[in-house]
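# A look at the structure
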Amino acid sequence: MNLKKYIQDIPDFPKPGVIFKDINPLLANPEATAQAINLLAKGLYGFNATKIVGIESRGFLLGILLAQKMGLGFVPIRKPGKLPGKIEKQTYALEYGDDSIEIQQNSISEGDLVIVHDDVLATGGTAAAACELIEKCGGTVVQCNFLMELGFLEGRKKLENYALHSLLHY
Ligand SMILES: O=P(O)(O)OC[C@H]1O[C@H](OP(=O)(O)OP(=O)(O)O)[C@H](O)[C@@H]1O
Ligand SMILES: Nc1ncnc2[nH]cnc12
């Protein structure tokens, strides 16, 4: 099954000049979703990971399935102001301006081996900030894991210190 068939290009969304890679056709097809999860999980068993962190919001969709498939707990990283209790916050640069993400301090323990999952690696700012958050909580990132990577945006350069795997390359 060619999974790229289930990723739809939407030109000029959310802004003119951006080609948005829509994963909804993949999510709408259970066989394609199952294949994506099986292929993503296949490369992960050797890491002895203890948790999977998914990044709001599209990183939750396959991240939870991946965690279930691997028998691991799932931890959400959320946009600001959404998580209760003690949080760690990381601000990172966007193309214009900046953004922040947060994690609950007690969701990662000292010594946790963490896989970071998101649907898309674009400029890498979001995933790099997620790795910082996990490290602030005492965890170690063992792999950054993506359904797809937009190689022309060179997000890998921001994640040079981490193992990285993307299932689909553009
Ligand atoms: O590599 P970067 O340039 O940091 O971009 C990648 C991020 O952008 C998208 O999220 P978005 O902010 O669109 O939010 P959403 O998941 O809630 O749609 C995507 O799901 C990644 O989280
Ligand atoms: N082109 C794109 N398509 C889908 N999600 C994205 N996140 C950042 N860039 C994206």
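Scroll up to find the structure this text is about.
Every chain's residues receive numbers from 1 upward, in the order its sequence appears when written. As a convention, the first chain written is A and the first ligand written is 1, with the rest following in written order. Whole-chain, interface and lining totals are the exception, using all residues; otherwise, since this is a predicted model, local features are given only for residues with pLDDT of at least 70 and side-chain atom pairs are given and counted only at 80 or more. Each side-chain value is worked out from all heavy atoms of the structure, with water and hydrogens disregarded.

### Thoughts on the packing of helix α2 (residues 30-42) against helix α3 (residues 58-70)
Under this scheme, a helix contributes an axis fitted over its contacting stretch, all axes are lines through C-alpha atoms, and angles between N-to-C directions fall in the 0 to 180 degree range. Runs of E in the DSSP output that reach at least two residues are strands. Runs of H or I that reach at least four are helices, and both are numbered from the N terminus. Where α2 meets α3, the closest approach of the two axes is 10 Å, and the angle between their N-to-C directions is 60 degrees. Overall, the two elements α2 and α3 adopt an arrangement that is oblique. Crossing hand, α2 versus α3: right-handed. Contacts between α2 and α3 involve Thr33, Ile37, Asn38, Leu40 and Ala41 from the former and Leu62, Leu65, Leu66, Lys69 and Met70 from the latter. Should an angle fall under 35 degrees it is called roughly parallel, over 145 degrees roughly antiparallel, and 65 to 115 degrees roughly perpendicular, with every other angle called oblique. Each helix crossing is assigned a hand: it is left-handed if the near helix lies turned anticlockwise from the far helix by less than a right angle, otherwise right-handed if that turn is clockwise. Between two residues, a contact is recorded if the distance between any of their heavy atoms is within 4.5 Å.

### Looking at the packing of aromatic side chains
A pair of Phe, Tyr and Trp rings is counted when the ring centres sit within 6.5 Å of each other, with Trp represented by its six-membered ring. The angle between the planes then sorts it: under 30 degrees is stacked, over 60 is edge-to-face, the rest tilted. The tally for this structure, following the rule as stated, stands at two aromatic pairs. Summarising the aromatic geometry, the rings of Phe13 and Phe20 are spaced 5.1 Å apart at their centres and angled 85 degrees between planes, so their arrangement reads as edge-to-face. Partly exposed describes any residue whose relative accessible area lies between the buried limit of under 20% and the exposed limit of over 50%, with all areas from a 1.4 Å probe on protein chains only and scaled to the type maximum. Given the relative accessible area of 42%, Phe13 is considered partly exposed. Plain terms: the ring middles of Phe60 and Phe74 are 5.9 Å apart, the flat faces sit at 90 degrees to each other, and that makes the pair edge-to-face. Here Phe74 lies in strand β4 (residues 73-77) and Phe60 lies in helix α3, a separation of 14 residues in the sequence. Look at Phe60 and you get buried, because its relative accessible area is 17%. Cation over ring: Lys4 sits above Tyr170, and NZ or CZ is 4.5 Å from the ring centre. Placement of a charge over a ring requires the Lys NZ or Arg CZ to be within 6 Å of the ring centre, with the centre-to-atom vector within 35 degrees of the ring normal.

### Some details on the site of ligand 2
Within the structure, ligand 2 sits among Ile19, Phe20, Lys21, Arg58, Val120, Ala122 and Leu150. Pairs of N or O atoms within 3.5 Å make up the polar contacts considered here, provided that, within protein, one atom can donate a hydrogen while the other can accept it, and that residues adjacent in sequence are counted only when both atoms are side-chain atoms. A distance of 2.8 Å separates a nitrogen atom of ligand 2 from a polar backbone atom of Lys21. Surface exposure here means Shrake-Rupley accessible area, sampled with a 1.4 Å probe, where a residue is shielded only by the protein chains that are shown. Surface burial for ligand 2 is 76%, taken as the share of its 260 Å² of free accessible area covered by protein chains. A molecule is said to occupy a pocket when more than half its atoms come within 2 Å of that pocket's grid points, and by this definition ligand 2 occupies the largest pocket. Throughout, the ten residues Ala, Val, Leu, Ile, Met, Phe, Trp, Tyr, Cys and Pro are labelled nonpolar, Asp, Glu, Lys and Arg are labelled charged, and all others, Gly among them, are labelled polar. Each residue belonging to the shell around ligand 2 can be placed in one class, and the counts come to five nonpolar, no polar and two charged. Being near a molecule or strand, for a residue, comes down to having at least one heavy atom within 4 Å of it. Both cavities and pockets are sets of points on a 1 Å grid over the protein atoms alone; in a cavity a 1.4 Å probe fits but cannot get out, in a pocket the set is open with protein on both sides within 12 Å along at least five of seven lines, and lining residues sit with an atom within 4 Å of a point. Think of it this way: if more than half of a molecule's atoms are within 2 Å of a pocket's grid points, that molecule is in the pocket or cavity.

### Looking at the site of ligand 1
As a matter of local geometry, ligand 1 sits amid Glu56, Ser57, Arg58, Lys79, Asp118, Asp119, Val120, Ala122, Thr123, Gly124, Gly125 and Thr126. Within the side chain of Ser57, a nitrogen or oxygen atom sits 2.6 Å from an oxygen atom of ligand 1. A distance of 2.9 Å is found between an oxygen atom of ligand 1 and a backbone nitrogen or oxygen belonging to Ala122. In the complex, 73% of the free accessible area of ligand 1, which totals 500 Å², lies under the protein chains. According to the grid-proximity analysis, the pocket containing ligand 1 is the largest pocket. Elements represented by at least two residues in the shell around ligand 1 include exactly β7 (113-121) and α4 (125-136). Looking at the shell around ligand 1 element by element, the count peaks at three residues for β7. Residue composition of the shell around ligand 1, by class: two nonpolar, five polar and five charged.

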